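A closer look at the structure
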Amino acid sequence: MTHVPGAERDQAVSELKFRDPVRARGLVDALAQRVAELGRSPVSVMHVCGSHEQAIAKFGLRSTFPRGLNVIMGPGCPVCITDTPEVDEGVVLARQGIHIATYGDMVRVPGTSMSLADAQAEGAKIHVIYSAAQAVELARATTDEVVFFATGFETTAVATAAVVLGGLPPNLSILSAHKYIPPVMEIVAEMPQTKVEGFLAAGHAATITGSAVFEPFVARHHLPVVVAGFEPLDILAGLVKLVELIRDRTPQVVNMFPRCVTRDGNRRAQDQLWKVFRPTGGRWRGIAHVPNGNLRLRDEFAAIDARRRFPIDLASLWDHAPAALVQSCICGDIMAGLSAPTDCKLFGQECTPEKPVGACMVSSEGACKIWHQYGGHPDLGGEA
Amino acid sequence: MCLGVPGKVIEVNGNIATVDFWGVRRQVQLDVIDEPVAAGDYILNHVGFAIRRIPDSEIAETLALYEQLIKQAEQDDLMAEDVRNEIAGAKDDSRAGS
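Described in the following lines is the structure provided in the data block. Computed from a predicted model, the values in this text were never measured in an experiment.

1. Brief notes about the overall build of chain A
- Counting its secondary structure elements, chain A contains 17 helices and 11 strands.
- Over its C-alpha atoms chain A spans a radius of gyration of 21 Å, differing by no more than 12% from the 21 Å that the globule rule assigns to 384 residues.
- Oriented by its inertia axes, the alpha-carbon framework of chain A measures out at about 65 × 45 × 40 Å.
- Among the 384 residues that make up chain A, the fraction classed as buried is 57%.
- A sequence separation of at least 24 residues applies to 76% of the contacts in chain A between residues at least 6 apart.

2. Points about the interface of chain B and chain A
- Listed by partner, the interface residues are 32 residues for chain B and 39 residues for chain A.
- At the level of secondary structure, the elements contributing two or more residues to the side of chain B that touches chain A comprise β4 (42-46), β5 (49-54), α1 (59-71) and α2 (78-89) of chain B.
- Here the element with the most residues in the side of chain B that touches chain A is α2(B); it accounts for seven residues.
- The residue inventory of the side of chain B that touches chain A, partitioned by class, reads 13 nonpolar, nine polar and 10 charged.

3. Observations regarding the pairing of strand β2 (residues 16-21) of chain B
Residues and elements named next belong to chain B.
- Alignment of strand β1 (residues 5-13) against β2, held across five bridges, turns out to be antiparallel. Residue N13 lies in a different strand from β2, and its bridge partner there is I16.
- In this antiparallel pair of consecutive strands, β1 and β2, the connection spans two residues, and G14 shows a positive phi of 60°.
- Sheet topology note: the β2/strand β3 (residues 24-29) ladder contains six bridges and is antiparallel. By the bridge assignment for β3, F21 is matched with V24.

4. Here we look at the sheet that holds strand β8 (residues 225-228) of chain A
Residues and elements named next belong to chain A.
- With parallel pairing, five strands are arranged side by side in an open sheet as β2-β1-β7-β8-β9. Looking at the sheet topology across the chains shown, the edges are occupied by β2 (69-73) and β9 (253-255). For this sheet the average axis-to-axis angle between neighbouring strands, irrespective of direction, equals 25°.
- Strand direction decides the pairing type here: strand β1 (residues 43-47) and β2, joined by five bridges, are parallel. Note that in β2 the partner of M46 across the bridge is I72.

5. Concerning the sheet that holds strand β5 (residues 146-152) of chain A
Residues and elements named next belong to chain A.
- On the basis of which strands lie adjacent, the open sheet formed by four strands has the order β4-β3-β5-β6 and parallel pairing. Single-partner strands in this sheet number two, and they are β4 (126-129) and β6 (172-178). This sheet shows a mean twist of 25° between the axes of neighbouring strands, independent of strand direction.
- Of the pairings in the sheet, the one linking strand β3 (residues 99-103) to β5 comprises four bridges and is parallel in character. Note that in β5 the partner of A101 across the bridge is F148.
- Taken strand by strand, helix α8 (residues 154-166) contacts β5 and β6, and its axis lies near 160° from that of β6.

6. Overview of helix α3 (residues 50-58) of chain A
- With respect to burial, α3(A) is a largely interior element, nine of its nine residues being buried.
- Residues of α3(A) that are buried sit in contact with β1, β2, β7 (196-202), α12 (232-247) and α17 (367-373) of chain A together with α2 of chain B.
- Directly after α3(A), the chain includes A:G60, whose backbone phi takes a positive value near 65°.

7. Details of the packing of helix α2 (residues 21-38) of chain A against α12(A)
Residue and element names in this part refer to chain A.
- Close contact between α2 and α12 brings their axes to 9 Å; oriented N to C, the two are set at 20°. One way to sum up the angle between α2 and α12 is to call them roughly parallel. Crossing of α2 over α12 shows left-handed handedness. On α12, the residues touching R23, A24, L27, V28, A30, L31, R34, V35, E37 and L38 of α2 are P232, L233, L236, A237, L239, V240, V243, E244, I246 and R247.
- Looking at the contact of α2 with α12 residue by residue, the classes come out as 15 nonpolar, no polar and five charged.

8. Let's talk about the environment of A:I334
- Within the secondary structure layout, A:I334 lies in helix α16 (residues 331-335).
- Once residues lying within four places of it in the same chain are set aside, the contact partners of A:I334 are A:S339, A:A340, A:P341, A:C360 and A:A367.

9. Some thoughts on the nonpolar core
- One finds A:L31, A:F148, A:A201 and B:A50 to be the most contacted residues of the largest nonpolar core, which totals 161 residues.
- No other element matches the nine residues that α12(A) contributes to this core.
- Residues contacting A:L31, with those up to four places away along its chain left out, are A:F65, A:P66, A:L236, A:L239, A:V240 and A:V243.

10. Describing the packing of helix α7 (residues 132-140) of chain A against α8(A)
Residues and elements named next belong to chain A.
- Close contact between α7 and α8 brings their axes to 8 Å; oriented N to C, the two are set at 40°. For the pair α7 and α8, the contacting residues are A132, A133 and V136 in the first and A159, T160 and V163 in the second.
- When the residues that make up the contact of α7 with α8 are grouped by side-chain class, the tally is five nonpolar, one polar and no charged.

Cut-offs applied
Here the residue numbers are simple positions, counted from 1 along each chain's written sequence. In the order they appear in the text, chains get letters beginning with A and ligands get numbers beginning with 1. Local features in this predicted model are restricted to residues of pLDDT 70 or higher, and side-chain atom pairs are both shown and tallied only at a pLDDT of 80 or more, whereas totals for entire chains, interfaces and linings draw on every residue. Helix and strand assignments follow DSSP, with helices taken as H or I runs no shorter than four residues and strands as E runs no shorter than two, numbered in order from the N terminus. In this treatment the radius of gyration is a C-alpha quantity, and the globule benchmark scales as 2.2 Å times the residue count to the 0.38 power. Our exposure labels follow a C-beta count within 10 Å of each residue's own C-beta, placed from the backbone: buried means 20 or more other C-beta atoms, exposed means 12 or fewer, and partly exposed covers the counts in between. Our contact criterion uses C-beta atoms placed from the backbone: two residues qualify when those atoms are within 7 Å. All amino acids are sorted into three groups, where Ala, Val, Leu, Ile, Met, Phe, Trp, Tyr, Cys and Pro are nonpolar, Asp, Glu, Lys and Arg are charged, and the leftover types, Gly among them, are polar. Here a strand pair is declared whenever DSSP counts at least two bridges between the two strands. Only the stretch in contact is used when fitting a helix axis, every axis being a line fitted to C-alpha atoms; angles between N-to-C directions are given from 0 to 180 degrees. Under this scheme an angle from 65 to 115 degrees is roughly perpendicular, one under 35 degrees roughly parallel, and one over 145 degrees roughly antiparallel; angles in between are oblique. By convention, the crossing between two helices is left-handed when the near helix turns anticlockwise from the far helix through less than a right angle, and right-handed when the turn is clockwise. Definition of nonpolar core: a set of buried Ala, Val, Leu, Ile, Met, Phe, Trp, Tyr and Cys residues joined via C-beta atoms within 7 Å.

On their own, these measurements won't tell you what the molecule is for.
In structure tokens, the structure reads:
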């Protein structure tokens, strides 16, 4: 059997809450046929977006995927890939009495010896914000120093760039842990153990960067990239196209989300992004050093760079060895596509959303939290 | 933080638009969007910033996922929660005048 038998698949489709069941069934059949046409299995493809994984898990899409197709979540969770020393920088600043504003999930991500939430329990001033603009409001409402611990991929980095260019209050500075997705795809493609034969790229990040941002990657690695939206039907259609490109050995970038994404993307946003940030190499938690994967403030913005405004001595945190449990966390392997959340012996046992050991269980975009929330091991069709 | 949310522009005041998200009115920054925006347009909001004007022909298709998410917004649903957070990323319009 190279794919899920028809009746079983039909039942899976009928149980899903598709907006358009007829189109869904057509796409599910097409996907099974394309995978069968490959004449080999398994074939593995990777998406790099927490929202894609949420949609796959929420709508039970894996149960409709043919056997022989592995759809892996890569390093697409911005909270998860923020590295321990970056969390430590936030913690050290917070413990100096500086207000820290950051996005919600960051607060619980473990650093070397404590998270921002732990620092808050000791009296540090931590503020959860939803938008970079709220960091500006927070700073305007006080004379104390405020640091915006800015995390996330190009989509949130653009928002940070916009507030920087709009002019910050004098008591506000930026601790940038922003990351840039295209370079990490190169790392995954170059891993000797990798089985990934194509990528599904995230629609809304590509709204900013344009689909053309992936063209150099395709030219270098001869792997196809399909830009897809977040509707269940968008994801199915994206996968059908991706497997077609693998079957035909025609690696290219295909934009299957034209209602939001153009080839050039949002040029104004890109101009702002690169005016404020420069790409630099740095570690992504659990994965690797990623050349050009981190976004740091350019020298022109040294005055608002928290790393230059304040002394940040991380050594004080490093006297404490990380907890033993943390050392068995396999977040990095999961994000590199080498392991699944259920391969981790901590999953659902010592590590749960209530008491997360690793960052992948903290964030709503982390693979472990998504799998845990939507019911353990949702991959019914992944075995070869 | 990957998922933007579409909303309908009610009015534009310089750099800021009042946008309706399923009955919730919010202020969205227009610093980043690369096209002029007017009342009646739909935009994609991401962490309080409009990142794209949705072409007229694409509006219905774009709203579909969110309609589904909001109608079946079960508790603890991660995707619906992210959508709610995205809407929260835009500034509450009721605070705007104060």
